[in-house]
Amino acid sequence: MTRSKCGLLLLLAAGATACGGDPTDSFREADQKIVADPSVVFVSQDASVFVVAQLQDDQGNQLPGEFEAVNAGPEVSVVRDSTFLETTNGTSLKTRARFVVTGLAPGASSFEITSGGVTDTVPVSVIPTGIAATFSNASPALNEPVTITLPAGYTFGADAAIESDLGPGIVQSVSEDGTSITAIIPPGSTGSVTLSGVSADFLPGLPLTLPSIDVVSASPTGLPGTDAVTTAPELPVPALGETVSLLDAGTFTGADISGDGGLALAQYYKITVADSGSYTVATSWPGTADVDEVLCFDVGCAEAAFDGASANNPESATFDLDTGTYYLAVVLFAGGAPPFIQLSLTHEIPVETGD
């Protein structure tokens with residue numbers, strides 16, 4: 001029997017026609033878009049990051065094109081990376097390019113990437129490396145409160161903190177609008193101070209820790225009379241439920257008054273209690289020294305409480321005190337003298353207990 005070859009020939013002809021082109025040609029290059037990696041840029045001021053751009057169709061296929069960065073905001077610089085190994089798909093055009101994005105000034109910015117008549121906008125946030133905070137007094141005396149005000153667009157949070165080259169200071173209060181804090185700078189501090197708990201309007205939800213651009217020079221002078229019980233300076237005593245804090249230069253030159261060497265290298269503070277109650281005394285310091293606190297119930301320290309003498313930092317002890325005069329001995333037990341100490345006294349609210 002002779003079979004007809006007509007159907008076979010028609011099938012081969014149809015196959016030859018189909019093989020003459022790419023079966024995806026009908027939808028390739030549709031809905032072109034530029035894909036940037038990363039699509040959102042965070043870069044520190046004076047630092048640089050790479051952004052790689054590709055031109056794709058809606059199937060994710062790379063397409064050839066000429067890439068260009070345009071309309072960069074004043075906060076950034078964007079240049080084509082000539083060292084990047086670009087790829088092609090058999091044409092003279094590239095399928096991707098890389099750009100170097102450099103942060104020039106803090107703020108929210110952007111730039112555009114164009115290729116094949118398509119444009120993509122890349123948002124950029126330039127993170128500051130310092131902050132132009134202003135000081136009410138850049139050369140404060142010991143324990144002088146200083147108001148530190150942030151520039152427009154920045155605010156302090158409730159967890160605001162300050163630290164100098166010598167260690168952490170004391171934040172006494174944060175303004176209601178968050179634009180400033182009142183703080184005590186460690187004695188003897190020089191240079192910038194670091195401010196933490198700062199937020200920027202253009203970086204919502206991202207807490208910042210930034211050095212101040214302006215510098216300070218805080219007096220290193222300690223409280224007078226810290227070297228003897230008889231001339232001990234008087235610590236402020238807080239009202240019920242409140243805390244008072246202060247810094248001292250921490251010279252530790254006081255003579256031993258215990259007779260057995262137990263309070264050598266001490267400095268002394270006087271506490272006059274007008275309202276009997278529970279009081280917590282706390283001492284903290286930067287560095288690795290071992291500092292203790294001893295509460296004396298008389299001038300000669302014949303009766304003393306050593307609840308705050310341990311290897312802890314901070315040292316803290318709570319005492320039930322009647323009205324009268326007490327003396328706090330802050331003792332350098334081991335190691336070199338820290339550059340300063342922080343003292344705090346809290347008048348505790350009584351804890352009510354059930355019957």
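For clarity, every value in this text was computed on a predicted model and none was experimentally measured. (Residues numbered from 1 in each chain as written. Predicted model: local features only at pLDDT ≥ 70, side-chain atom pairs only at ≥ 80, totals over all residues. Heavy atoms only, no water.)

Novice: Help me understand unusual backbone geometry in this model?
Specialist: For residues that are not glycine, phi is negative in most cases, and the peptide bond is trans in most cases. Residue Pro38 follows Asp37 across a cis peptide bond; omega there is 0°. Relative to the helices and strands, Pro38 is located in the loop between β1 (33-37) and β2 (41-44). Cis geometry marks the peptide bond from Asn313 to Pro314, where omega comes out at 10°. A positive phi angle is found at Asp46, which is not glycine, with a value near 70°. Judged by relative accessible area, Asp46 falls into the exposed class, the value being 62%. Unusually for a residue other than glycine, Asn143 sits at a positive phi of about 60°. (Helix = DSSP H or I, 4+ residues; strand = E, 2+ residues; numbered from the N terminus. Buried < 20%, exposed > 50% of the residue type's maximum accessible area, 1.4 Å probe, protein only.)

Novice: Looking at this model, I keep getting lost on the state of the cysteines. Mind explaining?
Specialist: Defined simply, a disulfide is a covalent bond joining two cysteines at their sulfur atoms. One pass over the structure, following the stated rule, counts one disulfide. Here Cys296 connects covalently by a disulfide to Cys301, the sulfurs 1.6 Å from one another. An S-S torsion of about 75° defines the bridge between Cys296 and Cys301 as right-handed. Classification of Cys301 as buried rests on a relative accessible area of 11%. (Disulfide = S-S within 2.5 Å.)

Novice: What should I look at first to understand the nonpolar core in this one?
Specialist: The nonpolar side chains of a soluble globular protein tend to be buried with one another. In terms of nonpolar packing, the biggest core is built from 24 residues, with Ile131, Ile148, Leu150, Ile185, Leu195 and Val198 touching the most fellow members. Of all elements in the fold, only β11 (146-149), β12 (154-163), β14 (180-184), β16 (194-200) and β17 (208-211) reach the threshold of two or more residues within this core. Per element, the largest residue contribution to this core is four residues, and it comes from β12. Setting aside residues no more than four positions away along its own chain, Ile131 makes contact with Leu150, Pro151, Tyr154, Leu195, Val198, Leu210, Pro211, Ser212 and Ile213. Counting 23 residues, the second largest nonpolar core, distinct from the first, contains Trp285, Val291, Ala317 and Leu321. (Core = buried A, V, L, I, M, F, W, Y, C linked by side-chain atoms within 4.5 Å. Contact = heavy atoms within 4.5 Å.)

Novice: How should the packing of aromatic side chains be read in this particular structure?
Specialist: Where two aromatic rings form a pair, the distance of their centres and the angle of their planes describe that pair. Applying the stated criterion across every chain yields a total of two aromatic pairs. Ring geometry for Tyr154 and Phe202: centres 6.3 Å apart, planes at 85°, overall edge-to-face. Note that Tyr154 is positioned in strand β12 and Phe202 in the loop between β16 and β17, a separation of 48 residues in sequence. Accessibility assignment for this pair places Tyr154 and Phe202 in one class, buried. Taking 5.6 Å as the distance between ring centres and 80° as the angle between the ring planes, the aromatic pair formed by Phe297 and Tyr326 counts as edge-to-face. Here Phe297, found in the loop between β22 (290-296) and β23 (304-308), pairs with Tyr326, found in strand β25 (residues 324-334); they are 29 residues apart in sequence, far enough to count as distant. (Phe/Tyr/Trp six-rings, centres within 6.5 Å; stacked < 30°, edge-to-face > 60°.)

Novice: Before we go on, may I ask you to explain the sheet that holds β16 in this structure?
Specialist: Consider a sheet: its strands pair through backbone hydrogen bonds, and that pairing is either parallel or antiparallel. A sheet is described by the order of its strands in space; here three strands give the open sequence β12-β16-β17, paired in antiparallel fashion. The strands lining the two open edges of the sheet, one partner per strand, are β12 and β17. Strand-to-strand twist in this sheet, taken as the mean axis angle between neighbours without regard to direction, amounts to 30°. Bridge count for β16 against β17 is four bridges, and the pairing is antiparallel. Bridge pairing in β17 places Ser196 opposite Thr209. (Pairing = 2+ DSSP bridges. Axes fitted to C-alpha atoms, helices over the stretch in contact; angles between N-to-C directions.)

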